[in-house]
Amino acid sequence: MPRKVISIDRTKTPANQPDPVIVNRWHPDTPLFTTVKPGDDFRVECFDWTGGQIKNDDSANDIRDCNLIPCHHLSGAVGIDGAEPGDILVVDILDIGPFQGQEWGYTGIFPTTNGGGFLTDVFPEPRKTIWDFHGIYATSRHVPNVRFAGITHPGIIGCIPSRELLMKWNARERALIDTNPTRVPALALPPNPDGVILGSLKGTQLQQAAAEGARTIPPREHGGNCDIKNLSRGSRVYLPVYVKGGGLVTGDFHFSQGDGEITFCGAIEMGGWIDLHVDLIKDGCNKYGITQAMFQPGPVEPRYSEFLVFEGISLNDDGSQSYIDVTLAYRRACLNAINYLQKFGYSGEQVYTILSTAPVEGRVSGVVDIPNACVSLYIPTAIFDFDIKPNAAGPTKKVSGGDLARAS
Ligand code: ZN
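These numbers come from a predicted model, not from an experiment.

Student: How do you make sense of the environment of T216 when you look at a structure like this?
Tutor: Following the sequence through the fold, T216 ends up in the loop between helix 3 (203–212) and strand 12 (219–220). As a C-alpha pair, T216 and L189 span 27 residues in sequence and 9.3 Å in three-dimensional space. Sequence-distant contacts of T216, defined by excluding residues within four places in its chain, comprise N24, R25, W26, C71, H72, L74, I156 and N225. Looking at T216, its side chain comes within polar contact range of the main-chain oxygen of C71, at 3.3 Å. For T216, the side chain forms a polar contact with the side chain of H72, separated by 2.7 Å.

Student: Just to check I follow, could you spell out helix 5 (residues 326–342) for this structure?
Tutor: Counting along an α-helix, one turn takes 3.6 residues, and residues three or four places apart therefore face a common direction. The first and last C-alpha atoms of helix 5 sit 24 Å apart over 17 residues, in line with the 24 Å expected at 1.5 Å per residue. Contacts from the buried residues of helix 5 go to strand 19 (307–313), helix 6 (348–357), strand 20 (361–366) and strand 21 (374–380). Where helix 5 begins, the capping side chain belongs to D325, and its oxygen is found 3.1 Å from the backbone nitrogen of T327.

Student: What is the right way to read the coordination of the zinc ion from this model?
Tutor: Put simply, a metal with four donors set out as a tetrahedron has ideal angles of 109.5 degrees, and one with six donors set out as an octahedron has ideal angles of 90 or 180 degrees. Those donors, D252 (OD), D252 (OD), H254 (NE2), E269 (OE) and E269 (OE), are the protein atoms that reach the zinc ion, and they lie 2.0 to 2.8 Å from it. In the primary sequence, the donor residues of the zinc ion line up as D-x1-H-x14-E. A residue pair is termed long-range when its members are at least 10 positions apart, and D252 in strand 15 (residues 248–254) and E269 in strand 16 (residues 264–270) qualify at 17 residues. Neither residue differs from the other here; D252 and E269 are each classed as buried.

Student: Even after reading the chapter, I still don't get the sheet that holds strand 19, so can you show me in this structure?
Tutor: Hydrogen bonds along the backbone pair up the strands of a sheet, which may run parallel or antiparallel. The strand order across the open sheet formed by three strands is 19-21-20, and the pairing between neighbours is antiparallel. With partners counted over all chains shown, the strands left at the sheet margins are strand 19 and strand 20, one partner each. Recorded for the sheet is a direction-independent mean angle of 25° between the axes of neighbouring strands. Direction of pairing for strand 20 relative to strand 21: antiparallel, over a ladder of five bridges. Within strand 21, the position partnered with G362 by the bridge is L377. Sheet strands touched by helix 5: strand 19, strand 20 and strand 21. Its angle to strand 19, the strand with the most contacts, is close to 135°.

Student: Explain the domain arrangement of the chain to me, please; I cannot follow it from the model alone.
Tutor: By a frequent convention, interface size equals the accessible area lost on bringing the separate parts together. Domain annotation for the chain reports domain 1 (3–296) and domain 2 (307–401). Spacing between the C-alpha centres of domain 1 and domain 2 amounts to 28 Å. Each partner contributes residues to the interface: domain 1 has 33 residues there, and domain 2 has 31 residues. Applying the counting criterion to the domain 1 and domain 2 interface returns three salt bridges. Note that R331 is salt-bridged to D121, the shortest N-O span being 2.7 Å. Secondary structure elements with two or more residues in the side of domain 1 that touches domain 2: strand 7 (104–109), strand 8 (127–134), strand 10 (143–149) and strand 16. In terms of residue count, the dominant contributor to the side of domain 1 that touches domain 2 is strand 10 (seven residues). Its residues assigned to classes, the side of domain 1 that touches domain 2 comprises 15 nonpolar, twelve polar and six charged.

Student: Any chance you could explain the side chain of H153 here in plain terms?
Tutor: Following the sequence through the fold, H153 ends up in strand 11 (residues 153–159). You can call H153 buried: its relative accessible area is 0%. A distance of 2.7 Å separates a polar side-chain atom of H153 from the backbone oxygen of I151. Once residues lying within four places of it in the same chain are set aside, the contact partners of H153 are I96, I228, K229, L231, S232, D252, F253, H254, S256 and Q257.

Student: When you look at the packing of aromatic side chains in this model, what are you seeing that I'm missing?
Tutor: The description of an aromatic ring pair uses the distance of the two centres, along with the angle that the planes make with each other. Within this structure, the stated rule accounts for 14 aromatic pairs. Residues F118 and Y330 carry aromatic rings whose centres are separated by 5.9 Å and whose planes lie at 50° to one another, so their mutual orientation is tilted. Note that F118 is positioned in the loop between strand 7 and strand 8 and Y330 in helix 5, a separation of 212 residues in sequence. Its relative accessible area of 13% is what places Y330 among the buried residues. Residues Y346 and F384 carry aromatic rings whose centres are separated by 6.3 Å and whose planes lie at 55° to one another, so their mutual orientation is tilted. You can see Y346 sitting in the loop between helix 5 and helix 6 and its partner F384 sitting in the loop between strand 21 and strand 22 (405–406), a full 38 residues away along the chain. Here Y346 matches F384 in class, with each residue buried. Taken together, F310, Y340, F344, Y346, F384 and F386 form an aromatic cluster joined through their ring pairs. The ring of F99 is capped by R10, whose NZ or CZ atom sits 4.0 Å from the centre of that ring.

Here is what the cut-offs are and how they apply
- By convention here, each chain's residues receive numbers from 1 onward along its written sequence.
- Under the rules for a predicted model, residues below a pLDDT of 70 receive no local features and side-chain atom pairs below 80 are neither given nor counted, while totals for whole chains, interfaces and linings still include all residues.
- Note that water and hydrogens are dropped before the side-chain values are worked out from all heavy atoms of the structure.
- Under the scheme used here, helices are H or I runs from DSSP no shorter than 4 residues and strands are E runs no shorter than 2 residues, and both carry numbers assigned from the N terminus.
- Contacts are residue-level and defined by heavy atoms, with any inter-residue pair within 4.5 Å sufficient.
- Polar contacts, as used here, are pairs of N or O atoms within 3.5 Å; protein pairs need one atom able to donate a hydrogen and one able to accept it. Residues neighboring in sequence count only if both atoms are side-chain atoms.
- By this rule the span expected of a helix is its residue count minus one, scaled by 1.5 Å.
- In this description, a donor is an N, O or S atom within 2.8 Å of the metal centre, a cutoff extended to 3.2 Å for sodium, potassium and calcium. Water is not part of the atom list, which can make sites seem incomplete.
- Three exposure classes are used, based on accessible area relative to the maximum for each residue type with a 1.4 Å probe and protein chains only: buried under 20%, partly exposed in between, and exposed over 50%.
- Whether two strands pair depends on DSSP finding at least two bridges between them.
- Helix axes are fitted to C-alpha atoms over the stretch in contact, other axes to C-alpha atoms as well, and angles between N-to-C directions run from 0 to 180 degrees.
- Here the bounds of each domain stem from an automatic or database domain assignment.
- Definition used for salt bridges: Asp or Glu carboxyl oxygen within 4 Å of a side-chain nitrogen of Lys or Arg.
- Under the scheme applied here, ten amino acids are nonpolar (Ala, Val, Leu, Ile, Met, Phe, Trp, Tyr, Cys and Pro), four are charged (Asp, Glu, Lys and Arg), and all others, including Gly, are polar.
- Any pair of Phe, Tyr and Trp rings, taking the six-membered ring for Trp, is counted once the centres come within 6.5 Å. Such a pair is stacked with planes under 30 degrees apart, edge-to-face with planes over 60 apart, and tilted for the rest.
- Throughout this description, the term charge over a ring refers to an Arg CZ or Lys NZ atom that lies within 6 Å of the ring centre and within 35 degrees of the ring normal.

In structure tokens, the structure reads:
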């Protein structure tokens, strides 16, 4: 096992950790808790993104009541000897997994008034799914007849931003919010000082940073909450460095996720550990002209060879035409798949959750054939213990018993 440079105490809340290793905003003043050298292997432990708010039970009350303001609870910052602004930090994801004795995760459909999701207008009520891990496989008492190999990855990885970059983020997101400040769900989330933790930062310094620290919800130029399922074992991530020492922060681990992470808390969320290796490419951002994170997928991923693929085009719900709208086309593809799989006895929420968690591929197939964008959603057929392909006999209902946990 590589040297553990960040440990968390899971018996205590994120705000009461013995070591100041929790970070829940992006801010240049985030202290470096520890420093590693280029060439080092090391281990980092992380809470699940909510910091332990979600329980392994059959009620979605905790999803309904989840306090999103202090989320995500991440671990860091890890300094890298010699890292300077303009360098590329090369991060190899050597391995990742759940804590021993805590081999379970959850998926939430968050209510429209508390987070929402990609199809929140169709599925506005809180629901929860608990998944049990069996080595590389996941099953759920809430979603019968499905078992799949997880594509495990960190939802969030990135270096802390410079002050200049932070100010750019805050200005452009504020401008968007101002176009419709009362929208539910919100267009973007402005800084919110409640419950901000930035490592060992205290007092006035913390207050000032908390008032302007960027929320961790969106992906940005530095990577951040990119939620790319293919950042799994063996991947190499190239991260721009913005401050001296780099300040690597990671967390929001996903046992598995489908492209789009569509239910919002849409992966199989878990706490756990990640083993990393770091190197530096000095002045790499200039040398390669990169202004945003990049990566190489790893060699270790679930291998499914047969898919049923649902197409989606840029039509509105009322059947009217939109122009080359990829988001709308993805909505259509997801709704087409949900409608189809419900014919086998699943609830709409169960299918929504399967699309969100299983290794489902979402692809932009065409963006030039006016007026329709074409998006395709690849569902691996082998994750079901029955045949989902169409045939002359029609769908034979196979699924019975069990549905997602509801709120009381
Ligand atoms: Zn997540």
